[in-house]
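Working through the structure, step by step
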Amino acid sequence: VDPRLMVSVDMKLMKNVLWVNEEDGLAHVEAGITGRDLIERMRRLGFTIGHEPDSYEFSTLGGWIATKASGMKQNKYGNIEDIVKEVTVVSAKG
C-alpha cells in the first residue's frame, strides 16, 4: 500500500476552447478536452495543433501536459512542452 495520499480529478466537463486569437495563433483551452475534439475545433478555424499522440482520440490536453506527451509530428512541431505557452495549476491550497 502506497502511504502517499492520492487524488484523482475528473476533468470531463472542462472541455471548452475559451478563446482563439487568430492573429498570434494562441488558444485558451481547458485541460479536459480530448485530442479528437481539440483537433476538430481547431481544424474548423483553419488551424492545426501539431500534436497527435497515438491515443489522441481518447487522451486529453491535461493528460498530454502531465505526461510530457510526444506526438507523431514532433519533428515538425515539437513535443507538448514546445507547443504549450502557459499552464495554470490549482493546488489543494487553492
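Preceding this paragraph is the structure being described.
Residues numbered from 1 in each chain as written. Predicted model: local features only at pLDDT ≥ 70, side-chain atom pairs only at ≥ 80, totals over all residues. Heavy atoms only, no water.

1. Considering the layout of surface pockets
Put simply, the largest pocket is a space of about 1,300 Å³. Forming the walls of the largest pocket are 35 residues, and the residues nearest its centre are Val29, Leu61, Ile65, Glu86 and Val87. If you list the elements that add at least two residues to the lining of the largest pocket, you get strand 1 (17-21), strand 2 (26-29), helix 1 (35-44), helix 2 (61-67) and helix 4 (80-83). Looking at the lining of the largest pocket, its residues break down into 24 nonpolar, 8 polar and 3 charged. (1 Å grid on protein atoms, 1.4 Å probe; cavity = no way out; pocket = protein on both sides within 12 Å on 5 of 7 lines; lining within 4 Å. Points joined across faces, edges and corners; volume = space filled by probe spheres on them. Helix = DSSP H or I, 4+ residues; strand = E, 2+ residues; numbered from the N terminus. Nonpolar A, V, L, I, M, F, W, Y, C, P; charged D, E, K, R; others polar.)

2. A look at the nonpolar core
In terms of nonpolar packing, the biggest core is built from 9 residues, these being Val29, Ile33, Leu38, Met42, Ile49, Leu61, Trp64, Ala69 and Ile80. Mapped by element, the contributors of at least two residues to this core are helix 1 and helix 2. Discounting chain neighbours no more than four positions away, the residues touching Ile80 are His51, Leu61, Trp64, Ile65, Lys68 and Ala69. (Core = buried A, V, L, I, M, F, W, Y, C linked by side-chain atoms within 4.5 Å. Buried < 20%, exposed > 50% of the residue type's maximum accessible area, 1.4 Å probe, protein only. Contact = heavy atoms within 4.5 Å.)

3. Observations regarding the side chain of Ser59
Along the polypeptide, Ser59 turns up in the loop between helix 1 and helix 2. Within the structure, Ser59 has its side chain in polar contact with the backbone oxygen of Ser55 (distance 2.8 Å). Engagement of the side chain of Ser59 in a polar contact is seen with the side chain of Trp64, the distance being 2.7 Å. Ignoring anything within four residues of it in the chain, the contact list for Ser59 reads Ile33, Thr34, Gly35, Pro53 and Trp64. (Polar contact = N/O pair within 3.5 Å; in protein donor to acceptor, adjacent residues only side chain to side chain.)

4. So, the environment of Ile39
You can see Ile39 is positioned in helix 1. Expressed as a C-alpha distance, the spacing of Ile39 and Thr60, which sit 21 residues apart in the sequence, is 11 Å. Not counting residues within four places of it along the chain, the set of residues in contact with Ile39 comprises Ile49, His51, Glu52 and Tyr56.

5. Digging into helix 1
Within helix 1 the residues assigned to the buried category are Gly35, Leu38 and Met42. Down the axis of helix 1, the buried set is contained in an arc of 65 degrees. They therefore lie on one face. Facing away from the buried side of helix 1, by more than 90 degrees, are the exposed residues Arg43 and Arg44. For helix 1, the secondary structure elements touched by its buried residues are strand 1, strand 2 and helix 2. (Arc of directions from axis to C-beta.)

6. Description of the pairing of strand 2
As paired elements, strand 1 and strand 2 share 4 bridges and run antiparallel to each other. Looking across to strand 2, one finds that Val20 is bridged to Ala27. Taking the residues between adjacent antiparallel strands as the criterion, strand 1 and strand 2 are bridged by 4 residues, where Gly25 takes a positive phi near 70 degrees. (Pairing = 2+ DSSP bridges.)

7. Thoughts on the pattern of salt bridges
For the structure on display, the rule yields 4 salt bridges. Lys12 is the partner of Asp10 in a salt bridge, and the nearest nitrogen-oxygen pair spans 3.6 Å. Classification of Asp10 by relative accessible area gives exposed; the value is 56%. Taking relative accessible area as the criterion, Lys12 reaches 60% and is therefore assigned exposed. (Salt bridge = Lys/Arg side-chain N within 4 Å of Asp/Glu carboxyl O.)

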